[in-house]
Amino acid sequence: MSRVEESIDVDVPVGVVYDQWTSFERFPEFMEGVEEVRQLDDTHAHWRTKIAGLSREFETEIVERVPDERVSWRTSSDNVKHTGTVSLQAIDGTRTRVRMTMDFQPTGFAEKAADKLGVLDRMVSGDLRRFKQFVESRGAGPDARGDGA
């Protein structure tokens, strides 16, 4: 099992960050390689990804959700194995620290090689930078609230 841990500070309140992060269907707007996320119910989502030419479809299950603090998930498909947590910490009334931790099991030669080269670490770091731009561009006004799915 491999682990990725990254964090970033965003200039919006924790409630806005939480609402945007739990709008899973918006992930393709800032996550590299994520082509589609469909919310199936309150705790399940179907993902379609294409990373380094490798297409995958899988489902995730939300195993913990604490509003304005944390969202944890795990895959529920055999072909992709990972778990993760996004933790939120209010720095002050207008800034939030976003910390992502993911544990994953690379399968196959290409995934194992990408893991050794730190590809996922760079992708997660890039995704968090794009999330920062995404959420800050929406601001903290009434249009900033996500779907909160």
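Everything in this summary refers to the structure shown in the same document.

Parameters at a glance
All chains use their own residue numbering, which begins from 1 and follows the written sequence. At least 70 in pLDDT is required for a residue's local features to be given in this predicted model, at least 80 for side-chain atom pairs to be given and counted, and no such filter applies to totals for whole chains, interfaces and linings, which use all residues. With hydrogens and water excluded, all non-hydrogen atoms of the structure serve as input to the side-chain values. Planes of paired rings set the category: under 30 degrees apart is stacked, over 60 is edge-to-face and the rest tilted, where pairs are Phe, Tyr or Trp rings (Trp by its six-membered ring) whose centres lie within 6.5 Å. Think of it in three bands: residues with accessible area under 20% of the maximum for their type are buried, residues over 50% are exposed, and the middle band is partly exposed, with areas taken using a 1.4 Å probe on protein chains only. Working definition: helices are DSSP H or I runs of at least four residues, strands are E runs of at least two. Numbering for both runs from the N terminus. Polar contact is defined as a pair of N or O atoms within 3.5 Å, subject to the rule that within protein one atom must be able to donate a hydrogen and the other to accept it, and that residues adjacent in sequence are counted only when both atoms are side-chain atoms. Interaxial angles span 0 to 180 degrees and are taken between N-to-C directions of axes, which are lines fitted to C-alpha atoms, for helices over the stretch in contact. Crossing handedness: left-handed means the near helix sits turned counterclockwise from the far one by under a right angle, and right-handed means the same turn made clockwise. Residue contacts are counted whenever heavy atoms from the two residues lie within 4.5 Å of one another. Under the scheme applied, nonpolar residues are Ala, Val, Leu, Ile, Met, Phe, Trp, Tyr, Cys and Pro; charged residues are Asp, Glu, Lys and Arg; polar residues are all the others, including Gly. We define a salt bridge as a contact between a side-chain nitrogen of Lys or Arg and a carboxyl oxygen of Asp or Glu at a distance within 4 Å. Helices are assigned an expected span. That span is 1.5 Å times one less than the residue count. Strands are treated as partners if at least two bridges between them are detected by DSSP.

Side note on the packing of aromatic side chains
The geometry of two aromatic rings is summed up by the distance between their centres and the angle between their planes.
Right, so step 1: Enumeration according to the criterion identifies 9 aromatic pairs in this entry.
Right, so step 2: Each ring, one from tryptophan 21 and one from phenylalanine 27, has its centre 5.2 Å from the other, and the planes form 55°; the classification is tilted.
Right, so step 3: Take phenylalanine 27: its relative accessible area is 3%, and that puts it in the buried class.
Right, so step 4: For the ring pair tryptophan 47 and phenylalanine 58, a centre distance of 5.8 Å and an interplane angle of 10° mean the geometry is stacked. On the criterion of sequence distance, the pair formed by tryptophan 47 in strand S3 (residues 44-51) and phenylalanine 58 in strand S4 (residues 54-66) is long-range, its members being 11 residues apart. Across the pair, exposure class does not vary: tryptophan 47 and phenylalanine 58 are buried alike.
Right, so step 5: Chaining the aromatic ring pairs together yields one cluster made of Trp21, Phe24, Phe27, Phe30, Trp47, Phe58, Phe131 and Phe134.

Topic: the side chain of serine 23
Right, so step 1: Turning to its location among the elements, serine 23 is positioned in the loop between helix H1 (14-21) and strand S2 (34-39).
Right, so step 2: Here aspartate 19 takes part through its backbone oxygen, which lies 2.9 Å from a polar atom of the side chain of serine 23.

Some points on the packing of H1 against helix H3 (residues 119-138)
In helix packing, the relevant descriptors are the interaxial angle and the interaxial distance, both defined with respect to the helix axes.
Right, so step 1: H3 packs onto H1 with a crossing angle of 115° between their chain directions and a minimal axis gap of 11 Å. By crossing handedness, the relation of H1 to H3 is classed as right-handed. Along the contact surface, H1 presents Val16, Val17, Gln20 and Trp21, while H3 presents Leu128, Phe131, Phe134, Val135 and Arg138.
Right, so step 2: Split into classes, the residues belonging to the contact of H1 with H3 amount to 7 nonpolar, 1 polar and 1 charged.

Quick notes on the environment of proline 28
Right, so step 1: Following the sequence through the fold, proline 28 ends up in the loop between H1 and S2.
Right, so step 2: Sequence separation of proline 28 and aspartate 127 is 99 residues, and the distance between their C-alpha atoms is 9.9 Å.
Right, so step 3: If we skip the residues at most four places from it in the chain, proline 28 touches Val34, Glu35, Glu36 and Val37.

Description of the pattern of salt bridges
Right, so step 1: Taken as a whole and judged by the stated rule, the model has 13 salt bridges.
Right, so step 2: The partner of arginine 130 in a salt bridge is aspartate 127, with the nearest N and O atoms 2.5 Å apart. Pair noted here: arginine 130 and aspartate 127 are both in helix H3, with a separation of 3 residues, about one helical turn.
Right, so step 3: Salt bridges sharing partners connect three or more residues here, namely Glu35, Glu36, Arg38 and Arg48.

Section: H3
Right, so step 1: For H3, built from 20 residues, the straight-helix expectation of 28 Å at 1.5 Å per residue is met to within 8% by its first-to-last C-alpha distance of 29 Å.
Right, so step 2: The set of residues buried in H3 consists of Met123, Val124, Gly126, Asp127, Leu128, Phe131, Phe134 and Val135.
Right, so step 3: Looking at the residues trailing H3, positive phi occurs at glycine 139, about 70°.

Overview of the pairing of strand S5 (residues 70-75)
Right, so step 1: Here 6 bridges tie S4 to S5, and the two strands are oriented antiparallel to one another. Counterpart to valine 66 in the pairing with S5 is arginine 70.
Right, so step 2: The loop that links S4 with its antiparallel partner S5 comprises 3 residues; one of these, aspartate 68, has a positive phi angle of about 65°.
Right, so step 3: Where S5 meets strand S6 (residues 82-90), 5 bridges bridge the pair, whose relative direction is antiparallel.

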